[in-house]
Amino acid sequence: METIEKTKNYSSFNLLHTNRNLSNGLINRLIKSINKIGYIPSRPIIVDNDMNIIDGQHRFKACQILNIPIYYSKLTGDINSDDLIIALNSNQEVWRLNEYVLHYCKKGIKFYIELQNFEDVYKLGISNSISICCGQGRAKHIRKGIDLKLNENRHIVAEFIKNCNTLYFYKSSHFVRAIVVFIDKSSDKQRAKLLKNLLSISQQPTTGHYLNVFANIVNRNSSAKIIL
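Numbers given for residues are sequential positions, taken from 1 along each chain in its written order. Totals for whole chains, interfaces and linings use all residues, but because this is a predicted model, local features are given only for residues with pLDDT of at least 70 and pairs of side-chain atoms are given and counted only at 80 or more. Values reported for side chains reflect all heavy atoms of the structure, with hydrogen atoms and water molecules removed beforehand.

**Student:** Got a sec to walk through the overall build of the chain? Specific residues and values, please.
**Tutor:** A run of H or I in DSSP becomes a helix once it reaches four residues, and a run of E becomes a strand once it reaches two; helices and strands are each numbered from the N terminus. If you tally the helices and strands in the chain, you get 11 helices and 5 strands. With the radius of gyration taken over C-alpha atoms, the globule rule is written as 2.2 Å times the number of residues to the power 0.38. Its C-alpha atoms give the chain a radius of gyration of 24 Å, more than 25% over the compact-globule value 17 Å for 228 residues. Over its C-alpha atoms, taken along the principal directions, the chain stretches across nearly 75 × 40 × 25 Å. Partly exposed describes any residue whose relative accessible area lies between the buried limit of under 20% and the exposed limit of over 50%, with all areas from a 1.4 Å probe on protein chains only and scaled to the type maximum. For the chain, the residues scored as buried account for 44% of the 228 residues in total. Pairs of residues are marked as contacts when any of their non-hydrogen atoms sit within 4.5 Å. Sequence-distant contacts, at least 24 apart, represent 69% of the contacts inside the chain between residues at least 6 apart. Here the accessible surface of atoms and residues is derived via Shrake-Rupley with a 1.4 Å probe, and residues count as covered only by protein chains that are part of the display. When the accessible surface of the chain is split by element, carbon and sulfur atoms take 49% of a total near 12,500 Å².

**Student:** Which residues make up the layout of surface pockets, and what values do they have?
**Tutor:** Using a 1 Å grid laid over the protein atoms alone, points where a 1.4 Å probe fits but cannot get out form a cavity; open sets with protein on both sides within 12 Å along at least 5 of 7 lines form a pocket; any residue with an atom within 4 Å of a point counts as lining. Grid points are joined across faces, edges and corners, and a volume is the space filled by probe spheres set on the points. Looking at the second largest pocket, its volume works out to about 160 Å³. Lining of the second largest pocket is provided by Leu30, Ser33, Ile34, Ile37, Gly38, Tyr39, Ile40, Arg43 and Arg59. With 4 residues, the top contributor of residues to the lining of the second largest pocket is helix α1 (residues 24-37). The residue inventory of the lining of the second largest pocket, partitioned by class, reads 5 nonpolar, 2 polar and 2 charged. Three classes are used, and their members are as follows: Ala, Val, Leu, Ile, Met, Phe, Trp, Tyr, Cys and Pro are nonpolar, Asp, Glu, Lys and Arg are charged, and the others, Gly among them, are polar.

**Student:** Summarise helix α4 (residues 97-106); cite the residues concerned and give the values.
**Tutor:** In an α-helix, one turn spans 3.6 residues; hence positions three or four apart end up facing the same way. Counting buried positions along α4 yields 7 of 10 residues, so the element is predominantly enclosed. Those residues of α4 lying buried are Leu97, Glu99, Tyr100, Val101, His103, Tyr104 and Cys105. At the C-terminal side of α4, Gly108 shows a positive phi close to 85°.

**Student:** Outline the environment of Glu159, supporting the account with residue identities and numerical values.
**Tutor:** In this structure, Glu159 sits in helix α8 (residues 154-162). Between the alpha carbons of Glu159 and His174 there is a distance of 17 Å; along the sequence they are 15 residues apart.

**Student:** With reference to specific residues and values, describe the packing of aromatic side chains.
**Tutor:** The rule is short: rings of Phe, Tyr and Trp, with Trp giving its six-membered ring, pair when the centres are within 6.5 Å, and they are stacked under 30 degrees, edge-to-face over 60, tilted in between. Taken as a whole, this structure holds 15 aromatic pairs when the rule is applied. The interplanar angle of 70° and the centroid separation of 5.7 Å between the aromatic rings of Phe182 and Phe214 together place this pair among those described as edge-to-face. Residue Phe182 is located in helix α9 (residues 173-185), and its partner Phe214 is located in helix α11 (residues 207-219); the two are separated by 32 residues in the primary sequence. As far as the burial class goes, Phe182 and Phe214 line up, both buried. Joined through ring pairs, the aromatic side chains of Phe160, Tyr168, Phe169, Phe175, Phe182, Tyr210 and Phe214 make up one cluster.

**Student:** How would you explain the sheet that holds strand β3 (residues 45-47) if you had to name every residue and give the values?
**Tutor:** Backbone-to-backbone hydrogen bonds pair the strands of a sheet. The strands run either parallel or antiparallel. Whether two strands pair comes down to DSSP finding at least two bridges between them. The strand order β1-β5-β3-β4-β2 describes an open sheet built from 5 strands, whose pairing is mixed. In this open sheet, the two edge strands, each paired with only one partner strand, are β1 (5-7) and β2 (14-15). Pairing analysis gives 3 bridges linking β1 to strand β5 (residues 70-74), with the strands arranged antiparallel. The residue bridging Glu5 from the neighbouring strand is Tyr72, located in β5.

**Student:** Hey, could you go over the packing of helix α5 (residues 110-122) against α8 for me, with residue numbers and the actual values?
**Tutor:** Helix-helix packing is described using two parameters, namely the angle between the two axes and the distance between the axes. Between the N-to-C directions of two axes lies an angle of 0 to 180 degrees, each axis being a line fitted to C-alpha atoms and, for a helix, fitted only over the stretch in contact. Running from amino to carboxyl end, α5 crosses α8 at an angle of 20°, the nearest separation of the two axes being 11 Å. Taken together, the axis directions place α5 and α8 in an arrangement best described as roughly parallel. Judged by the twist between their axes, the crossing of α5 over α8 is right-handed. Together, Glu114, Phe118 and Tyr122 of α5 and Arg154, His155, Ala158, Glu159 and Lys162 of α8 make up the contact between the two elements. In terms of residue class, the contact of α5 with α8 is built from 3 nonpolar, 1 polar and 4 charged. Any angle that falls under 35 degrees is termed roughly parallel, while one over 145 is termed roughly antiparallel, one within 65 to 115 roughly perpendicular, and all others oblique. Crossings are assigned a handedness: left-handed for a near helix turned anticlockwise from the far helix by less than a right angle, right-handed for a clockwise turn.

**Student:** How would you explain the nonpolar core if you had to name every residue and give the values?
**Tutor:** Note on terminology: a nonpolar core comprises buried Ala, Val, Leu, Ile, Met, Phe, Trp, Tyr and Cys residues joined through side-chain atoms within 4.5 Å. If you look at the biggest cluster of nonpolar residues, it comprises 45 residues, and the most contacted ones within it are Ile142, Phe175, Ile201 and Phe214. Elements represented by at least two residues in this core include exactly α4, α5, α6 (126-134), α8, α9 and α11. Those residues within four positions of Ile201 in sequence are excluded, and the remaining contacts are Leu167, Phe169, Leu194, Tyr210, Val213, Phe214 and Ile217.

Below, the structure is given as structure tokens:
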């Protein structure tokens, strides 16, 4: 990385479409901070050889609004801008899972496009949508942009969960994960029986506890037992 430079030529910078969406709230907080203590030149934004902003797009917008100089450092060498964006934000732990999903959507990776479409339709929360579409414990895979296999039952699971909306906890992570397992192992008749007895389900502390409750309801007075 070269020395820190500064300029007020805002038009010379480019925002990468694969970066996370700009947050007006963060920009406003940065403006307040700059107005209070000033801009810290030792924290420049980072750009590539084409003046694409790799890190610091919110600082850039705040400075542009305030009409003050942009301090920047230019990366040298053969570096993939998209990979660097992910690496920098992973280390800083500032990206949420939905921002990783949007990033890989913009890169055209099919799994993430399908996942985002699923979340847009069912609005269960990105963590729940990930659990439904590809299983729990996949956060590391999502951050790395791995093209995962989609759960074939994902729409059945989502519709079943929507039918459970009389339960105030129907979007809780443990309940959602338990429904994923239940749908995978149950018949249509067993699913109907669980829905019919929804009001006998109380909030549980773990996924396993929910599965025990589901099994007790479905197996009651039934010759076809389910093991969850």
